[in-house]
Amino acid sequence: MSGDVCIVGVGIHRFGRTDGVSGLEQGVFAVNQALGDAGIDWQQIQFAYGSSDAAGNPDTMVERLGLTGVQFINVRNGCAAGGSALFSAQMAIKSGEYDIGLAVGFDKHPRGAFDAKPAEYGLPEWYGDVGQMVTTQFFGAKITRYMHEHGITPTTLGRVAEKAYRNGAHAPHAWRREPVSLETIMDAPLVSDPYTKFMFCSPAEGGVALILASEKKARELGKPLIRLKAATMRTRPPGSFEVFAPSIDLDPADGRPRGTATRIASADAFRMAGIGPKDIAVAQLQDTEAGAELMHMAENGFCADGAQEQWLAEGRTEVGGALPVNTDGGCLACGEPIGASGLRQVYENVVQLRGDGGGRQVPGNPKTAYTHVYGAPGVSAVTILER
Amino acid sequence: MHAIAEGLFTNETPPRLIGGRDRASGRVVFPCPEGDRFDPVPLGRTGTLWSWTVQRYRPKSPPYAGPDAFRPWAVGYVELPGETIVEARVVNVDFAAIRIGMALELAPVALDPDAHDPVMIPAFQPIGVAA
């Protein structure tokens, strides 16, 4: 195939809680919106990759969309599921086998923290019995170490959450659309120290669909060319600190930071796109908790470890700042339907690159946009879009 | 002592945790995995706190098997010099007094102190504290 893979249609079902509408139906809603956006009908879709963690098999949506015999592959890959669906879809086009197809993700999780069973992670039963099979514990311990090493204060965690809810107020697809004051965030009950309840995202519901096409096909459709310059998905290197770890390796003797799946996925994406972090105009970074956004700013190469303290104090990651981060409020404001979450980030970047962001639009006509997801047990997916 | 699982603690008094040493690389992990890739190895009783948090709400059951009545507890990662960093409860210390780098010693605690025959789980306390 010559040229780039392009995103020619996007659709989203509002995130949050939609009683009476199944996860699959939310996915179908998003697909129909994306088809309309691309100006095509379902019969033209040549293949699909669908991701859902807890809301059923994505391929069953052909019953609702049309029994065209289309190739439809289901993807489960933890929090990187949406990113993996997108990665697979672009490979199908890059291979030259197809010129237009779909990446769709949806989910619908029960309320409360995610249920995790020790056996699913290769862990002994006692680890769950003692109460350590809890994701929020890991997040608390991880940021406590990071704050200790790099001089990050709790107020900076609060600023991340404050920004998320402020941005979410301008995103029609967001769940939490009311600004929350820094004082309210900081004074709220602790969940896992140092995080208060406003600093964690919640499992949620939602659906996102992206239609991908070859550059030739995109030109035929007459759509603005939103180019997918890189899509990577990587697993963890030795020594990383991941969720549900009864032990972790000693710190590297040479003083270098621990390797992470994010660092690998990010470096590979920048290499493929032929640009660097300083060239990115807007970024959506995994923020399942406030500190994740901070750590991921550094792991993706946007700032040095510890510089986040100053970045947040100066508002550099605000919509009008030097590098706007999580312009739709991210996971903190949108919640995390696992199968859809990574695709929401790409959806938001397409909105930004088209200039359709309304009250959350990044000024200055952004040309480059970055997404990053991270999840258990040490997986990460990155995309870079250019217009 | 009635341990929560076989192979976690040595039979000494006081006990030690049992880790696993990778036969090929020498890397130490906790607990010792099943299979023949790792040799069981008793871990040091003392170390320093590497990181920590407080579990402020009762985890879901299953899998959590602790008492219904819940009181928050601290959980940390304890660096055992030259070995590995193990995850365990941090006990017999006020949450406000917990500091990264503080010296700790192994002090297993009961998962449910009110149980008839309580099971003991991995935990560390500040060195010198009377349990």
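The residue numbering used here restarts from 1 in each chain and proceeds along that chain's sequence as written. Here the convention is simple: chains get letters from A, ligands get numbers from 1, in the order in which they are written. pLDDT decides what is reported in this predicted model: residues at 70 or higher carry local features, side-chain atom pairs at 80 or more are listed and counted, and totals for whole chains, interfaces and linings draw on all residues regardless. The side-chain numbers reported here are obtained from all heavy atoms of the structure, hydrogens and water having been left aside.

Novice: Give a description of unusual backbone geometry that names residues and reports values.
Specialist: All names here are of chain A. The peptide bond linking A376 to P377 adopts the cis configuration, its omega dihedral lying at -5 degrees. Its location among the elements puts P377 in the loop between β11 (368–375) and β12 (379–386). Unlike most non-glycine residues, F244 shows phi in positive territory, near 55 degrees. Under the DSSP-based scheme used, a helix requires at least four consecutive residues in state H or I and a strand at least two consecutive residues in state E, with every element numbered from the N terminus. Tracing the backbone shows F244 in the loop between β8 (227–235) and β9 (247–248).

Novice: Talk me through helix α1 (residues 23–38) of chain A; I want residue IDs and the actual numbers.
Specialist: Residue and element names in this part refer to chain A. For α1, built from 16 residues, the straight-helix expectation of 22 Å at 1.5 Å per residue is met to within 8% by its first-to-last C-alpha distance of 23 Å. Listed as buried for α1 are G23, L24, Q26, G27, V28, A30, V31, A34, L35 and A38. Looking at the buried positions of α1, the neighbouring elements they touch are β1 (5–16), α2 (62–65), β4 (100–108), β7 (205–214) and α8 (215–221). Directly after α1, the chain includes G39, whose backbone phi takes a positive value near 75 degrees. To estimate the expected span of a helix, count its residues, drop one, and scale the result by 1.5 Å. A simple rule labels every residue: compare its accessible area, found with a 1.4 Å probe on the protein chains alone, to the largest value its type can have, and call it buried under 20%, exposed over 50%, or partly exposed in between. In what follows, a contact means two residues having at least one pair of non-hydrogen atoms within 4.5 Å.

Novice: Outline the interface of chain A and chain B, listing residues and values.
Specialist: Counting residues at the interface gives 35 residues for chain A and 39 residues for chain B. In total, chain A and chain B occlude about 3100 Å² of area from one another, counting both sides; carbon and sulfur atoms represent 57% of this. Counting of polar contacts relies on pairs of N or O atoms within 3.5 Å, with two restrictions inside protein: one atom must be capable of donating a hydrogen and the other of accepting it, and residues adjacent in sequence are counted only when both atoms are side-chain atoms. Inspection of the region where chain A meets chain B yields 19 residue pairs in polar contact (both at pLDDT 80 or more). For the side of chain A that touches chain B, the secondary-structure elements that each account for two or more residues are α4 (125–129), α5 (135–150), β5 (190–192) and β9 of chain A. Accessible area that two parts lose when put together, with a 1.4 Å probe and added across both, is what the buried area reports.

Novice: Give a description of helix α6 (residues 154–168) of chain A that names residues and reports values.
Specialist: All names here are of chain A. The first and last C-alpha atoms of α6 sit 22 Å apart over 15 residues, in line with the 21 Å expected at 1.5 Å per residue. Those residues of α6 lying buried are T156, L157, G158, V160, A161, K163, A164, Y165, N167 and G168. Where α6 is buried, its residues contact α5, α7 (182–187), β6 (195–196), α10 (290–299), α11 (308–313) and α12 (330–334).

Novice: Run through the sheet that holds strand β2 (residues 28–29) of chain B, naming residues and quoting values.
Specialist: Residue and element names in this part refer to chain B. Read across the sheet, 3 strands follow the order β2-β1-β3 without closing on themselves; strand pairing throughout is antiparallel. Each of the sheet's edge strands pairs with one partner strand only, and the pair in question is β2 and β3 (38–42). When DSSP finds two or more bridges between two strands, those strands count as paired. Inspection of the sheet shows strand β1 (residues 18–22) paired to β3 by 5 bridges, in the antiparallel sense. Looking at β3, one finds that R21 is bridged to D39.

Novice: A description of the domain arrangement of chain A should follow, citing residues and the corresponding values.
Specialist: All names here are of chain A. Domains assigned within chain A are domain 1 (5–111 + 207–221) and domain 2 (125–201 + 230–386). An automatic or database domain assignment is the source of the domain bounds shown. Using C-alpha coordinates to define each centre, domain 1 is positioned 24 Å away from domain 2. With 35 residues of domain 1 at the interface, the matching set in domain 2 holds 30 residues. Surface buried jointly by domain 1 and domain 2 totals about 2500 Å² across both partners, of which 73% is contributed by carbon and sulfur atoms.

Novice: Could you give an account of the environment of V129(B), with specific residues and numbers?
Specialist: Residues and elements named next belong to chain B. Tracing the chain through its elements places V129 in the segment after β10 (123–126). Linking V129 and Q55, residues 74 residues apart in sequence, is a C-alpha distance of 22 Å. If near-sequence neighbours (up to four positions away) are discounted, V129 is found in contact with N92 and E105.

Novice: Break down the packing of aromatic side chains for me, citing the residues and quoting the values.
Specialist: All names here are of chain A. By convention, a stacked pair of Phe, Tyr or Trp rings (six-membered ring in the case of Trp) has centres within 6.5 Å and planes under 30 degrees apart, an edge-to-face pair has planes over 60 apart, and any other such pair is tilted. Taken as a whole, this structure holds 18 aromatic pairs over all chains when the rule is applied. Taking the centre distance of 5.2 Å and the plane angle of 85 degrees together, the rings of F138 and F241 count as edge-to-face. Residue F138 is found in helix α5, and its partner F241 is found in the loop between β8 and β9; the two are separated by 103 residues along the sequence. With a relative accessible area of 4%, F138 lands in the buried category.

Novice: Any chance you could break down the layout of surface pockets for me, citing the residues and the numbers?
Specialist: Volume-wise, the second largest pocket comes out at about 1000 Å³. Lining the second largest pocket are 36 residues, with G122(A), L123(A), P246(A), V29(B) and F30(B) sitting closest to its centre. Every element with two or more residues in the lining of the second largest pocket is listed here: β9 of chain A together with β2 and β3 of chain B. Using protein atoms alone on a 1 Å grid, points that fit a 1.4 Å probe yet trap it form a cavity, whereas open point sets bounded by protein on both sides within 12 Å along at least five of seven lines form a pocket; residues with an atom within 4 Å of a point count as lining. Grid points are joined across faces, edges and corners, and a volume is the space filled by probe spheres set on the points.

Novice: Could you give me a rundown of the pattern of salt bridges, with the residues and numbers involved?
Specialist: Should a side-chain nitrogen of Lys or Arg be within 4 Å of a carboxyl oxygen of Asp or Glu, the pair is scored as a salt bridge. One pass over the structure, following the stated rule, counts 30 salt bridges over all chains. One salt bridge connects R58(B) with D68(B), and the closest N-O pair in it is separated by 3.6 Å. Residue R58(B) is located in the loop between β4 (46–55) and β5 (73–80), and its partner D68(B) is located in the loop between β4 and β5; the two are separated by 10 residues in the primary sequence. Take D68(B): its relative accessible area is 69%, and that puts it in the exposed class. Here the salt bridges share partners, and the residues they tie into one network are D4(A), E215(A), R219(A), R227(A) and K229(A).

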